[in-house]
Amino acid sequence: MREKILRILEDYDTQDLHIGTIGSHSALNILRGAKDEGFKTICICREREKAVYENFGVADEFLIVNDYTDLLDDKLQEELREKSTILIPHGSFNAYIGKFDDLLLPIFGNRELMVWETDREKQREWLERAGVRMPRRYDRPEDIEGLTIVKYPGAKGGKGYFIVSDASEFYEVSESMVKSGLISREDVKNAELQQYILGTNIYFSFFYSPVYGRIELIAIDRRYESTADALGKVPAKEQLKADINPTYTVIGNFPVVLRESLLVQAFEAANSIVEVSKEIAYPGMVGAFCIESIFDENATMYVFEISARIVAGTNVGIPSSPYSYILFGENIYMGRRIAREVRVAVEKGMLEELIY
Ligand code: ATP
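Predicted model only: the values in this text are computed from it and were never measured.

Draft legend 1. Focus on the packing of helix α2 (residues 27-36) against helix α13 (residues 334-348). The geometry of α2 relative to α13 is characterised by a closest axis approach of 7 Å and an angle of 45° between their N-to-C directions. By the angle class used here, α2 and α13 are oblique. The handedness of the crossing between α2 and α13 is right-handed. Here α2 contributes N29, I30, G33, A34 and D36 to the contact with α13, which in turn contributes M334, G335, R336 and A339. Grouping the constituent residues of the contact of α2 with α13 by class yields four nonpolar, three polar and two charged.

Draft legend 2. Region of interest: the sheet that holds strand β1 (residues 18-22). The sheet built from four strands is open, its strands ordered β3-β2-β1-β4 with parallel pairing. Each end of this open sheet is capped by a strand with a single partner; those strands are β3 (61-64) and β4 (85-87). Adjacent strand axes in the sheet meet at a mean angle of 25°, parallel and antiparallel pairs treated alike. Of the strand pairs in this sheet, strand β2 (residues 40-45) and β3 are connected by four bridges, and their pairing is parallel.

Draft legend 3. Molecular detail of the nonpolar core. With 46 residues, the main nonpolar core has I44, L71, I86, F108 and L351 as its most contacted residues. Going through the elements one at a time, α1 (2-10), β1, α2, β2, α4 (74-82), β4, α5 (91-97) and α13 are the ones with two or more residues in this core. Three or more residues apiece are contributed to this core by two domains, here domain 1 (2-108) and domain 2 (118-133 + 199-229 + 250-345). Grouped together as the second largest cluster of nonpolar side chains are 36 residues, L113, F204, Y208 and V256 included.

Draft legend 4. Layout of the domain arrangement of the protein chain. What the domain assignment reports for the protein chain is domain 1 (2-108), domain 2 (118-133 + 199-229 + 250-345) and domain 3 (137-195). Relative to domain 3, the C-alpha centre of domain 1 lies at a distance of 37 Å.

Draft legend 5. Structural detail: the packing of helix α6 (residues 111-118) against helix α7 (residues 120-130). Close contact between α6 and α7 brings their axes to 5 Å; oriented N to C, the two are set at 105°. By the criterion of interaxial angle, the relationship of α6 to α7 is roughly perpendicular. Only R120, K122, Q123, E125 and W126 of α7 make contact with α6, whose side of the interface consists of L113, W116, E117 and T118. Each residue belonging to the contact of α6 with α7 can be placed in one class, and the counts come to three nonpolar, two polar and four charged.

Draft legend 6. Representation of the site of the ligand. In the region of the ligand, 20 residues are neighbours, and I197, N201, Y203, E225 and E305 sit closest. In the environment of the ligand, a nitrogen atom lies 3.0 Å from a nitrogen or oxygen atom belonging to the backbone of Q195. Y203 places a polar side-chain atom, nitrogen or oxygen, 2.7 Å from an oxygen atom of the ligand. Protein contacts shield 86% of the accessible area of the ligand, which totals 610 Å² for the unbound molecule.

Cut-offs and rules
- For every chain, the first residue of the written sequence is number 1, and numbering continues from 1 along that sequence.
- Only residues with pLDDT of 70 or above have their local features reported here, since the model is predicted, and side-chain atom pairs are shown and tallied only from 80 upward, although totals for entire chains, interfaces and linings are computed over all residues.
- Based on all heavy atoms of the structure, the side-chain values leave hydrogens and waters out of the count.
- For helices, the axis comes from a line fit to the C-alpha atoms of the stretch in contact; other axes are also lines fit to C-alpha atoms, and the angle between any two N-to-C directions lies between 0 and 180 degrees.
- A run of H or I in DSSP becomes a helix once it reaches four residues, and a run of E becomes a strand once it reaches two; helices and strands are each numbered from the N terminus.
- Roughly parallel covers angles under 35 degrees, roughly antiparallel covers those over 145, roughly perpendicular covers 65 to 115, and oblique covers all other angles.
- Each crossing gets its hand from how the near helix is turned against the far one by less than a right angle, where anticlockwise is left-handed and clockwise is right-handed.
- The contact definition used throughout considers only heavy atoms, calling two residues in contact when any of these lie within 4.5 Å.
- When residue character is reported, Ala, Val, Leu, Ile, Met, Phe, Trp, Tyr, Cys and Pro are called nonpolar, Asp, Glu, Lys and Arg charged, and the others, Gly included, polar.
- When DSSP finds two or more bridges between two strands, those strands count as paired.
- Here, nonpolar core refers to any group of buried Ala, Val, Leu, Ile, Met, Phe, Trp, Tyr and Cys residues whose side-chain atoms link them within 4.5 Å.
- Relative accessibility under 20% of the residue-type maximum defines a buried residue, over 50% an exposed one, and the middle range a partly exposed one, all with a 1.4 Å probe and only protein chains included.
- A domain assignment, automatic or from a database, supplies the domain bounds used here.
- The cutoff for a nearby residue is simple: one of its non-hydrogen atoms must lie within 4 Å of the molecule or strand.
- Pairing of N or O atoms within 3.5 Å defines a polar contact, subject to two protein rules: one partner must be a possible hydrogen donor and the other a possible acceptor, and residues neighboring in sequence count only if both atoms are side-chain atoms.
- Computed by Shrake-Rupley with a 1.4 Å probe, the accessible areas treat only the displayed protein chains as cover when residues are assessed.

The following block contains the structure:
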């Protein structure tokens, strides 16, 4: 597959590249960044979302689709190839496209790692090989010790996750969720039981630069999650009466500046995650990735998820985050950092190292 994509890239006019993405998730960030670095931009979106991207003036061209899966359409891909378009993938690519086999366009990043991140087992294997500390996983409900978060395969954005503290509670809540149609019996069998880490959620947006051969910290954020962040507003006795469960649908993000002494844990994790990425999916990590973590009461970092692409939380770092400013001394944010890498790689004749 990589060979196929590199052959497509050979026909590209590197002096007239376009940067394209799907109009959603972090497209404002990506497209604005591309323009700041002098690229022409293409926004692939539905008629409804077009108004937003038009309003912000970040797209030089629009390709209107009925559905994001139309990106797999041959004619549309041909049009993008003719314009020497490099696609910048984000969360909506995982959510709406999923399989990348039919996407015959150069992607900035490593499409194979994007498959690793969406498969829970593969993701755990990656993180375990990297030796990062993760929440414990219980194989059976009977093994549960203490607060445990129950995750379902199909749950999007943490909707339907719940917290229990023993096996009987697990069966009780699962049964009532099956009865109310929220989950299926199959879901219950496939649920992941994970030690619940009581602490502070911290999301690190890193960038691995093949051009400079280094890991860069671009921004840090935390999420603003629907009912999980609303629970504190309701008195405990009312919570009990209303039988409220936290859901983790992400509504927005806040910027975070971390206690400086804690950065070392994040860089150690980032280093080993990048090292292992090279072993599991050649050529390894390229560009944006996010380490999603929780720091407990001892300020110990637990990694519970990883994304091998730009995450929406990095939007808090436009036009600059404290970290990207310290590193670059100018306004750099993830979308711009990606475009800068493409630009410098073209100058150095290294573009194929960023593409898969
Ligand atoms: P997304 O794909 O949007 O990241 P998801 O469905 O993969 O969501 P997670 O990110 O795994 O869900 O978890 C959703 C939320 O649940 C997290 O933001 C975090 O607040 C909480 N959470 C997940 N795992 C744990 C854990 N082990 N301990 C404590 N909280 C957790």
